[in-house]
Amino acid sequence: MKPNQKKYSYLYRNGLTIVFLTLFIATLAAQALTGWKKHNQDLQEDHAAEIGLATYLQSGHFISATFENFESEFLQMALYVLLTVSLRQIGSAESKSLDEPEEVDREPKPSKDAPWAVRKGGWILKLYSNSLSICFAILFLASWALHLYGSWQNHNVEQLARHLPKESVTTYLGQAEFWFETFQNWQSEFLSVASIVFLTIYLRQKGSPESKPVDAPHMETGK
């Protein structure tokens, strides 16, 4: 820890992560409770037995709804990290400069304060140099697979409630239901990224690292 960090409390130094994780846990719990009630209402309408909360948390309905959202968020971040390497948007606070060199593009140099992977070099450094996009890609693929599993399981619960046969996962993949769930989330994430990229050209938020300085010209690119 650097000497100037000692005067700050743990909460001050980690406030952004703590607040967002707290909001995540609170809203996930709210989703679980409301989803459980909604699922039991659907079961009642289909003249099926209601289930307890613990059972619901293992159900396809909950797994699908949860990882459907995770999937789109991780896809958004993976693409955002990768596309901002080479693509530009003039005037955006979310873009690298059009022609000036950026700190993030410089070659890593080993030093005593550098991460272990930088000091190690070789293929480990190469992997570490792309570790953020790799991590988001893995999280996206895992979430996509769990979304598919949950949606398929929930589909088969509905099939049984209607006295219809279960379907295989490959059969389910060929139907519109899963892809409708998928694309309705993906398009909203792409719109949100496009919004912050474009709106930071003309709009400001004083004090936010996601905004340009309030007095910066509109066509000034980068933070």
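Shown above is the structure to which this text applies.
This is a predicted model, so every value here is computed, not measured.

A.B. asks: Please explain the environment of Ser-92 as it appears in this structure.
C.D. replies: With respect to the secondary-structure elements, Ser-92 resides in the loop between α4 (60-86) and α5 (116-120). A residue is classified by how much of its surface remains accessible, and Ser-92, at 0% relative accessible area, is buried. Along the primary structure Ser-92 and Glu-158 are separated by 66 residues, whereas in three dimensions their C-alpha atoms are 47 Å apart. Side chain to side chain, Ser-92 and Thr-200 meet in a polar contact 3.1 Å long.

A.B. asks: What's the story with the pattern of salt bridges in this structure? I'm lost.
C.D. replies: Two side chains bearing opposite charge may form a pair once their charged atoms approach each other closely. A full pass over the atoms with the stated rule returns 4 salt bridges. Among the salt bridges present, the one from Glu-103 reaches Arg-106, with a minimum N-O distance of 3.0 Å. Each member of the pair, Glu-103 as well as Arg-106, carries the same accessibility label: exposed. Note that Asp-113 and Lys-112 form a salt bridge whose closest N and O atoms lie 3.7 Å from each other. Accessibility classification places Asp-113 together with Lys-112 in one group, the exposed group.

A.B. asks: Would you mind going over helix α2 (residues 15-45) with me for this structure?
C.D. replies: Within an α-helix, residues lying three or four positions from one another point in the same direction, as the helix has 3.6 residues per turn. In this model, α2 (31 residues) spans 45 Å end to end at C-alpha, consistent with the 45 Å of a helix rising 1.5 Å per residue. Where α2 is concerned, the buried positions are Ala-32, Gly-35, His-39, Asn-40 and Leu-43. Tucked into the core, α2 has its buried residues touching α3 (53-56), α4 and α7 (131-161). His-47 sits one or two residues past α2 and shows a positive phi near 60°.

A.B. asks: Teacher, can you tell me more about the side chain of Glu-94 here?
C.D. replies: Secondary-structure assignment places Glu-94 in the loop between α4 and α5. A relative accessible area of 11% means that Glu-94 is categorised as buried. A distance of 2.4 Å separates polar atoms of two side chains, one belonging to Glu-94 and the other to Tyr-80. With sequence-adjacent residues up to four places away left out, Glu-94 is seen in contact with Tyr-80, Thr-84, Ile-196, Val-197, Thr-200, Glu-210 and Lys-223.

Calculation notes
Residues numbered from 1 in each chain as written. Predicted model: local features only at pLDDT ≥ 70, side-chain atom pairs only at ≥ 80, totals over all residues. Heavy atoms only, no water. Helix = DSSP H or I, 4+ residues; strand = E, 2+ residues; numbered from the N terminus. Buried < 20%, exposed > 50% of the residue type's maximum accessible area, 1.4 Å probe, protein only. Polar contact = N/O pair within 3.5 Å; in protein donor to acceptor, adjacent residues only side chain to side chain. Salt bridge = Lys/Arg side-chain N within 4 Å of Asp/Glu carboxyl O. Expected span 1.5 Å × (residues − 1). Contact = heavy atoms within 4.5 Å.

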